[in-house]
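# An overview of the molecular structure
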Amino acid sequence: MPYNTFTHALVRVPTVNMGDGMTTQQLGVPDFDLVLTQHAAYCEALRWCGLKVATLSGDEAYPDACFVEDTAVIYHDLVVITQPGARSRRGETTAIQQAFKHRPLVQLHGDEYLEGGDVLFCADRVLIGLSERTNRQGATRLKNALQDYDAALQVDFVPVGGVLHLKTGITELAPGVIIQSPDFVTDYTFDFADVYVIPAAEKNGGHVLPINDAVLIHAGNPRVRDLAHRYYLRVLEIPMSEFEKMDGGVTCLSLRYAFSGA
Ligand code: CIR
């Protein structure tokens, strides 16, 4: 099954205090009514891609919890519950563990820190970012779990500089086509791909999320949109301004999966 084929998604409703979460941006405080509208549009886009969307309630103790992607990494039937590098986000994983409680889970622990925003499944390999949120111990544990599950999987570590997560810096639009933020710094060589560095004006909205035969992009980014139309008939543009204020993008608001027999 191709790496971006999914049947289900899990999302978590934003809470009214989302603006108390962490951010490196100076774009102002999210407008909560608009947050809810944009989140609903995002969920609708997932449904347009053919996914069944399960929704967890928010928890004001965790203002960043709507960025649910950081709490788990799912590869076919393998579910790995992470330990976010951000201390304030560690408790978010309890609800995610509960949501997947009927499945065997791998759980990062001890000094293993990793956030799902640092994990990019490409067509021919998995890239794990070593960032301020993901350390070598966490990356190694995930690499071992992935290769125990699928020994043929190539897993590379990518040093991440200049941006929060690996997927803030790069996403894969289509097999061998990488979209890169101008802020991203690494010494990893993307020799398997054509790399398009997007203009600075689009750096907050430069993330793309391919799902089945469609791709989700942030509205208002013409260069990214033009590139997306080269590879997809179905390009779904989602307004994401309020999530961008908190360093969020289209990838981070959901966990996508396709369990066998589900
Ligand atoms: C944080 O700093 O943790 C959140 N405000 C944003 C997380 C974004 N996550 C992602 O891109 N995977």
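See above for the structure.
Structure report, in brief. (Residues numbered from 1 in each chain as written. Predicted model: local features only at pLDDT ≥ 70, side-chain atom pairs only at ≥ 80, totals over all residues. Heavy atoms only, no water.)

### Observations regarding the overall build of the protein
- On a plain count of helices and strands, the protein comes out with six helices and 15 strands.
- On C-alpha atoms alone, the protein measures out to a radius of gyration of 17 Å, which is about the 18 Å that the 2.2 N^0.38 rule sets for 262 residues.
- Summarising its shape, the C-alpha atoms of the protein cover approximately 45 × 40 × 35 Å along the three principal directions.
- Here the protein holds 262 residues, and 55% of them are scored as buried.
- Roughly 11000 Å² of accessible area belongs to the protein as shown, and the carbon and sulfur atoms make up 50% of that amount.
- For the protein, the distance from the average position of its 21 positive side-chain charges to the average position of its 32 negative side-chain charges is 3 Å. (Helix = DSSP H or I, 4+ residues; strand = E, 2+ residues; numbered from the N terminus. Rg over C-alpha atoms; globule rule 2.2 N^0.38 Å. Buried < 20%, exposed > 50% of the residue type's maximum accessible area, 1.4 Å probe, protein only. Areas by Shrake-Rupley, 256 points an atom, 1.4 Å probe, with all protein chains shown as cover. Lys, Arg positive; Asp, Glu negative; His and termini not counted. Charge placed at Lys NZ, Arg CZ, Asp CG, Glu CD.)

### Points about the side chain of Thr71
- Within the secondary structure layout, Thr71 lies in the loop between β2 (52-56) and β3 (72-75).
- You can call Thr71 buried: its relative accessible area is 1%.
- If sequence neighbours within four positions are ignored, Thr71 has contacts with Val80, Ile81, Thr82, Glu92, Thr93, Ile96 and Leu255. (Contact = heavy atoms within 4.5 Å.)

### A short note on the site of the ligand
- Taken together, 13 residues lie around the ligand, and Met22, Asp64, Asp70, Arg89 and Met246 are the ones closest in.
- Note that a nitrogen atom of the ligand is positioned 2.8 Å from one of the side-chain N or O atoms of Asp64.
- Considered on its own, the ligand offers 350 Å² of accessible surface; in the complex 98% of this is hidden by protein.
- Class assignment of the residues belonging to the shell around the ligand gives a composition of five nonpolar, two polar and six charged. (Near = heavy atom within 4 Å. Polar contact = N/O pair within 3.5 Å; in protein donor to acceptor, adjacent residues only side chain to side chain. Nonpolar A, V, L, I, M, F, W, Y, C, P; charged D, E, K, R; others polar.)

### Digging into the packing of aromatic side chains
- All told, the structure shown has nine aromatic pairs when counted by the stated rule.
- With a centroid separation of 5.5 Å and 0° between ring planes, the pair formed by Tyr75 and Phe121 is classed as stacked. Here Phe121 lies in strand β6 (residues 119-121) and Tyr75 lies in strand β3, a separation of 46 residues in the sequence.
- Centre to centre, the rings of Phe100 and Phe259 are 6.1 Å apart; their planes meet at 85°, and the pair counts as edge-to-face. Taken together, the positions of Phe100 in the loop between α2 (93-99) and β5 (105-107) and Phe259 in the segment after β15 (255-257) put the pair 159 residues apart, joining distant regions of the chain. There is no split in this pair, since Phe100 and Phe259 are both buried. (Phe/Tyr/Trp six-rings, centres within 6.5 Å; stacked < 30°, edge-to-face > 60°.)

### Quick word on the nonpolar core
- Grouped together as the largest cluster of nonpolar side chains are 26 residues, with contacts concentrated most on Tyr42, Leu46, Phe67, Leu216, Ile238 and Phe243.
- Sorting the residues of this core by element identifies β1 (8-12), α1 (32-48), β12 (208-211), β13 (214-218) and β14 (234-238) as the ones contributing at least two each.
- When residues of this core are assigned to their parent elements, the largest contribution, five residues, is made by α1.
- The residues touching Leu216, leaving out its near neighbours within four places in the chain, are Tyr42, Ala45, Leu46, Cys49, His207, Val208, Leu209, Leu236, Ile238 and Val250.
- Leu78, Val119, Ile128 and Leu142 belong to the second-largest nonpolar core, a separate cluster that totals 17 residues. (Core = buried A, V, L, I, M, F, W, Y, C linked by side-chain atoms within 4.5 Å.)

### Details of the sheet that holds strand β7 (residues 126-130)
- Strands sit in the order β6-β7-β8 across an open sheet of three strands; the sheet is mixed. Two strands in the sheet have a free side with no partner beyond their single neighbour: β6 and β8 (155-159). Taken over all neighbouring pairs, the strand axes of this sheet differ in orientation by 25° on average, direction set aside.
- The pairing of β7 with β8 spans five bridges and is classified as parallel. Bridging from a neighbouring strand, Val126 pairs with Val155 of β8.
- Contacts from helix α3 (residues 136-149) reach β6, β7 and β8 within the one sheet, and its direction differs from that of β8 by about 160°. (Pairing = 2+ DSSP bridges. Axes fitted to C-alpha atoms, helices over the stretch in contact; angles between N-to-C directions.)

### Description of the state of the cysteines
- Tallying each qualifying case throughout the model produces zero disulfides.
- The structure places no disulfide on Cys43, whose sulfur is separated from the nearest cysteine sulfur, that of Cys66, by 11 Å.
- Note on Cys43: relative accessible area 6%, which makes it buried. (Disulfide = S-S within 2.5 Å.)

### Describing the environment of Pro199
- Residue position: Pro199 is located in the loop between β11 (194-197) and β12.
- Exposure remark for Pro199: the relative accessible area of 35% places this residue in the partly exposed category.
- C-alpha of Pro199 to C-alpha of Gln180: the two residues are 19 residues apart in sequence and 9.4 Å apart in space.
- Setting aside residues up to four positions removed in sequence, Pro199 forms contacts with Pro182 and Arg223.

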